[in-house]
Amino acid sequence: MERLSDYIQGERVVRELRYHAPEALEALVRDLEQPLSPPLERAVARSLDDGRMPDFRASEVLMPAMMATFAVNPATIGEQALAELKASCNRCEAVGRCWQAMRARADGEACCGFCPNSEAFISHGGQDG
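Residue numbering note: each chain is counted from 1, following its sequence as written. Local features in this predicted model are restricted to residues whose pLDDT is 70 or higher, and side-chain atom pairs enter the listing and the counts only when it is 80 or higher, whereas totals over whole chains, interfaces and linings include all residues. Processing note: side-chain calculations cover all non-hydrogen atoms of the structure and skip hydrogens and water entirely.

Asker: Explain the packing of aromatic side chains to me, and be specific about the residues and the numbers.
Answerer: Ring geometry is summarised as follows: Phe, Tyr and Trp rings, the Trp one being its six-membered ring, pair when their centres sit within 6.5 Å, and such pairs are stacked at plane angles under 30 degrees, edge-to-face over 60 and tilted between the two. The full count for this structure, using the stated rule, is 1 aromatic pair. Aromatic pair F70 and F121: ring centres 5.7 Å apart, planes at 45°, arrangement tilted. Of this pair, F70 sits in the loop between α4 (58-69) and α5 (79-91) while F121 sits in helix α8 (residues 118-123), and the two are 51 residues apart along the sequence. Overall, F121 belongs to the buried group, its relative accessible area being 1%. Comment: the charge-over-ring label is applied if NZ (Lys) or CZ (Arg) is within 6 Å of the ring centre and within 35 degrees of the ring normal. Sitting above the plane of the W99 ring, R103 keeps its charged end 5.0 Å from the centroid. For helices the rule is a DSSP run of H or I covering at least 4 residues; for strands it is a run of E covering at least 2, with both sets numbered from the N terminus onward. Type-normalised accessible area, obtained with a 1.4 Å probe on protein chains alone, sets the label of each residue: buried when under 20%, exposed when over 50%, and partly exposed for intermediate values.

Asker: Summarise a nonpolar patch on the surface; cite the residues concerned and give the values.
Answerer: A residue counts toward a patch only above 30% relative accessible area and without a salt bridge, and it is joined to like-charged neighbours within 9 Å or, for Val, Leu, Ile, Met, Phe, Trp and Tyr, to nonpolar neighbours within 5 Å. The protein chains shown are the only cover counted for residues, whose accessible areas, like all others here, come from Shrake-Rupley with a 1.4 Å probe. Salt bridges, as used here, are contacts in which a Lys or Arg side-chain nitrogen is within 4 Å of a carboxyl oxygen on Asp or Glu. On the surface, a cluster of nonpolar side chains totalling about 290 Å² of accessible area is made up of L4, Y7 and I8. Within the fold, I8 resides in helix α1 (residues 4-20). Assessed through its relative accessible area of 36%, I8 is described here as partly exposed.

Asker: Give a description of the pattern of salt bridges that names residues and reports values.
Answerer: On inspection of all chains with the given rule, the structure shows 10 salt bridges. Among the ionic pairs, E2 bridges to R46, the shortest N-O distance being 2.9 Å. Taken as a pair, E2 in the segment before α1 and R46 in helix α3 (residues 38-49) lie far apart in primary sequence, 44 residues in all. On the basis of relative accessibility, which here comes to 23%, the residue E2 falls in the partly exposed class. When its relative accessible area of 24% is taken as the criterion, R46 is described as partly exposed. Ionic contacts of the salt-bridge type, sharing partners, join the residues E2, E11, R42, R46, D50 and R52 into one network.

In structure tokens form, the structure reads like this:
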């Protein structure tokens, strides 16, 4: 369980960035390699889950990482199917969880439990392990 002081600190940093440096927050969220403190990472994930980052497009940041996780080549997916996968990704209700999983380099098997596109990735030649 997260300590209250960690929760407050993470939320405070996200709020400060959102109001005073939104471009820095956007860059931070788009960079899946950026080291973050655990409280800040959890606060960003909560912000993604509850829609406090309305300009974030999961299909631009998370879907390419998820496709790499499943070893799927986007060139093997037709344009219409790819558009449907992107739309599904952008409607996902597990964006914060996905963001954390992609940051942690979770494997496909772990992602199958929450990714709405996992079956499609596997059917397009991807791997779940």
